[in-house]
Structure formats: C-alpha cells, structure tokens
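# Coordinates in review
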Amino acid sequence: ETGVTQTPRHLVMGMTNKKSLKCEQHLGHNAMYWYKQSAKKPLELMFVYSLEERVENNSVPSRFSPECPNSSHLFLHLHTLQPEDSALYLCASSQDRGEKQYFGPGTRLLVL
Amino acid sequence: SQQGEEDPQALSIQEGENATMNCSYKTSINNLQWYRQNSGRGLVHLILIRSNEREKHSGRLRVTLDTSKKSSSLLITASRAADTASYFCATDLGFQKLVFGTGTRLLVSP
C-alpha cells in the first residue's frame with residue numbers, strides 16, 4: 001500500500017455514460033496528478049493540482065474534467081468518452097515539486 | 001523520439017544474474033527517478049538521483065547518472081523472480097512535471 005487509493009478499480013462504460021474516478025491520498029501531500037497509461041505508450045501526464053489549484057492541463061480533451069475539492073481528494077469526471085480512451089488511469093501524489101510520486105493502483109477503464 | 005527512452009525494451013535473465021537498464025533523455029533535468037510497475041498496477045518509486053549526483057545505491061539497486069551524455073542506468077544485482085516487472089525512468093523537468101519513458105520489461109526466470 002502506498003497511501004493512495006483509487007476507486008473503482010475497474011470500469012466499463014458506454015460512450016454516452018457519465019462516470020467519475022476517485023483518488024484519495026492519506027499522506028498529507030500537497031500535489032496530486034492524473035496520468036493515462038495506454039498499451040505501448042509512455043505514461044501521459046493529464047493534470048496536476050498543487051495546493052488544490054490546477055497547475056497543468058496537458059492538452060487533455062474536455063470530455064475529461066478534473067476536480068480537486070481538497071488536498072486529499074482528486075476526481076476525474078468522464079463524459080462522452082471514445083473507445084480510444086480505454087486505458088489504465090493512475091493517480092499520484094507528492095509532497096513537493098519534483099520529488100518522488102506515490103501512485104495508486106489505477107482504474108482500468110474500458111469504453112465500449 | 002521521447003524525452004526518456006529506456007533500453008532495452010525487454011530483458012530476460014535467470015535468477016542470480018544482474019540486470020542493467022539504460023535511460024536516455026534530451027533536455028536538462030532537475031533529477032531523474034526510476035519506478036517499477038507490476039503488471040496492470042500502480043508505479044512504485046525506487047530511487048531518485050539529482051542532477052549533481054553521479055551514483056546512488058539502494059539495497060540491490062545502483063543508479064548512475066551522466067548529465068554530459070544525458071543518460072542514466074539502473075543495475076539490479078542478484079536478481080530474483082520477484083523483480084519481474086516493468087521499469088521506467090522519469091525525468092523531472094521542473095514545474096511538478098515528470099516525463100516518463102516507455103519502460104523496460106524485465107523477466108527473471110527461476
């Protein structure tokens with residue numbers, strides 16, 4: 001256990017559905033991240049939140065909408081996704097900029 | 001090509017042998033980190049080496065960094081079947097942005 005939890009662990013959704021991924025960190029960190037991991041591709045940084053403010057939005061389509069209500073929780077709201085959005089979505093947190101990141105176990109998403 | 005590229009893409013060895021993975025990058029970095037990922041799971045941080053360091057050890061792991069060549073290597077000594085995983089290097093470009101490579105898949109056979 002790294003102190004970062006993600007729910008759900010697996011999710012199957014249709015292209016018209018709306019769902020949310022949840023991440024919680026119990027480490028007292030002040031930065032949280034969403035990554036996308038697709039087969040045979042490098043890990044892609046999607047969003048960075050620092051002290052609950054979004055500091056990075058890596059050209060992610062608007063069908064992905066992050067929310068950080070406090071420093072311990074991070075959400076990724078999903079709507080009208082495409083099959084190519086099927087991937088492992090990983091949440092991570094860190095104490096300071098550039099320091100090691102602690103990852104959650106990921107949510108395996110399948111879009112039909 | 002990628003900011004971080006690992007070499008080889010896949011490595012298969014026997015238990016007890018050493019495993020060496022390399023990472024090359026293109027731009028200046030604050031630090032370089034190595035992570036491990038078991039199949040379909042989250043990444044686990046292994047070691048961080050700063051740009052002013054040349055070598056770092058942690059248990060059976062040894063990491064080197066050559067900023068003049070923009071490269072790093074990860075050595076796992078006396079490998080075990082439990083070391084089977086994918087290994088990624090990540091370069092810290094600043095602004096809380098880590099850029100990950102494509103990874104090396106390591107298979108350690110008993």
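Calculation rules
The written sequence of each chain sets the order in which its residues are numbered from 1. Ligands are numbered from 1 and chains lettered from A, in the order in which they are written. Residue-level local features of this predicted model are given only where pLDDT is at least 70; pairs of side-chain atoms are given and counted only at 80 or more, and the full residue set underlies all totals for whole chains, interfaces and linings. To get the side-chain values, take all heavy atoms of the structure and skip hydrogens and water. We call a pair of cysteine sulfur atoms a disulfide when they lie within 2.5 Å. Helix and strand definitions here come from DSSP, where helices need a minimum of 4 consecutive H or I residues and strands a minimum of 2 consecutive E residues; each element is numbered from the N-terminal end. The cut-offs for exposure are 20% and 50% of the maximum accessible area for each residue type, with area from a 1.4 Å probe on protein chains only; residues under the lower value are buried, those over the upper are exposed, and the others partly exposed. Patch definition: residues above 30% relative accessible area lacking any salt bridge, with like charges linked at up to 9 Å and the nonpolar side chains Val, Leu, Ile, Met, Phe, Trp and Tyr linked at up to 5 Å. Accessibility throughout is a Shrake-Rupley quantity obtained with a 1.4 Å probe, and a residue counts as covered only by protein chains that appear here. Salt bridge, as applied in this entry: a Lys or Arg side-chain nitrogen positioned within 4 Å of an Asp or Glu carboxyl oxygen. Note on definitions: a residue-residue contact is assigned when non-hydrogen atoms from the two residues lie within 4.5 Å. Nonpolar residues are Ala, Val, Leu, Ile, Met, Phe, Trp, Tyr, Cys and Pro. Charged residues are Asp, Glu, Lys and Arg, and all others, Gly as well, are polar. Two strands are said to pair when DSSP picks up at least two bridges between them. Here an angle of 0 to 180 degrees is reported between the N-to-C directions of two axes, which are lines fitted to C-alpha atoms, with helices fitted over the stretch in contact. Each residue carries a pLDDT score, the predictor's own confidence in it, on a scale running from 0 to 100.

### As for the state of the cysteines
Summed over the entire model, instances satisfying the criterion amount to two disulfides over all chains. Sulfur-sulfur distance for the disulfide between Cys23 of chain A and Cys91 of chain A comes to 1.9 Å. Between Cys23 of chain A and Cys91 of chain A, the S-S dihedral sits near -70°, and the bridge is therefore left-handed. Residue Cys23 of chain A is found in strand S3 (residues 18-25), and its partner Cys91 of chain A is found in strand S9 (residues 87-94); the two are separated by 68 residues along the sequence. Of the residues examined, Cys91 of chain A reaches a relative accessible area of 0% and is grouped as buried. Put simply, Cys23 of chain B and Cys89 of chain B are joined by a disulfide, and their sulfur atoms are 2.0 Å apart. Its torsion about the S-S bond being 65°, the disulfide of Cys23 of chain B and Cys89 of chain B is classed as right-handed. Within this pair, whereas Cys23 of chain B is found in strand S3 (residues 19-24), its partner Cys89 of chain B is found in strand S9 (residues 85-92), the two being separated by 66 residues in sequence. With respect to class, Cys23 of chain B is no different from Cys89 of chain B; both count as buried. Unpaired in this structure, Cys68 of chain A has its nearest cysteine sulfur neighbour in Cys91 of chain A, at a distance of 9.1 Å.

### A short note on a nonpolar patch on the surface
Residues Val12, Leu110 and Leu112 of chain A make up a contiguous nonpolar surface patch of about 290 Å² in total accessible area. Within the secondary structure layout, Leu110 of chain A lies in strand S11 (residues 107-111).

### Things to note about the interface of chain B and chain A
Opposite the 20 residues of chain B that make contact, chain A presents 24 residues. Linking chain B with chain A are one salt bridge. Looking at the side of chain B that touches chain A, the elements that each hand over two or more residues are strand S4 (31-37), strand S5 (43-50), S9 and strand S10 (98-100) of chain B. Considered class by class, the residues forming the side of chain B that touches chain A number six nonpolar, 10 polar and four charged.

### Quick word on the sheet that holds S3 of chain A
The pairing of strands in a sheet comes from backbone hydrogen bonds and takes either a parallel or an antiparallel form. Residue and element names in this part refer to chain A. An order of S1-S3-S8-S7 is seen for the four strands of this open sheet, with the pairing classed as antiparallel. Each edge of the sheet is formed by a strand with only one pairing partner; in this case those strands are strand S1 (4-7) and strand S7 (64-70). Ignoring which end each strand starts from, the neighbouring axes of this sheet average 20° apart. Of the pairings in the sheet, the one linking S3 to strand S8 (residues 73-79) comprises seven bridges and is antiparallel in character. By the bridge assignment, Lys19 is partnered in S8 with Leu78.

### Describing the confidence of the model for chain B
For chain B, the average pLDDT comes to 92, and 95% of its residues sit at 70 or higher. Per-element averaging of pLDDT across chain B places strand S1 (residues 5-7) of chain B at the bottom with 84 and strand S7 (residues 61-66) of chain B at the top with 98.

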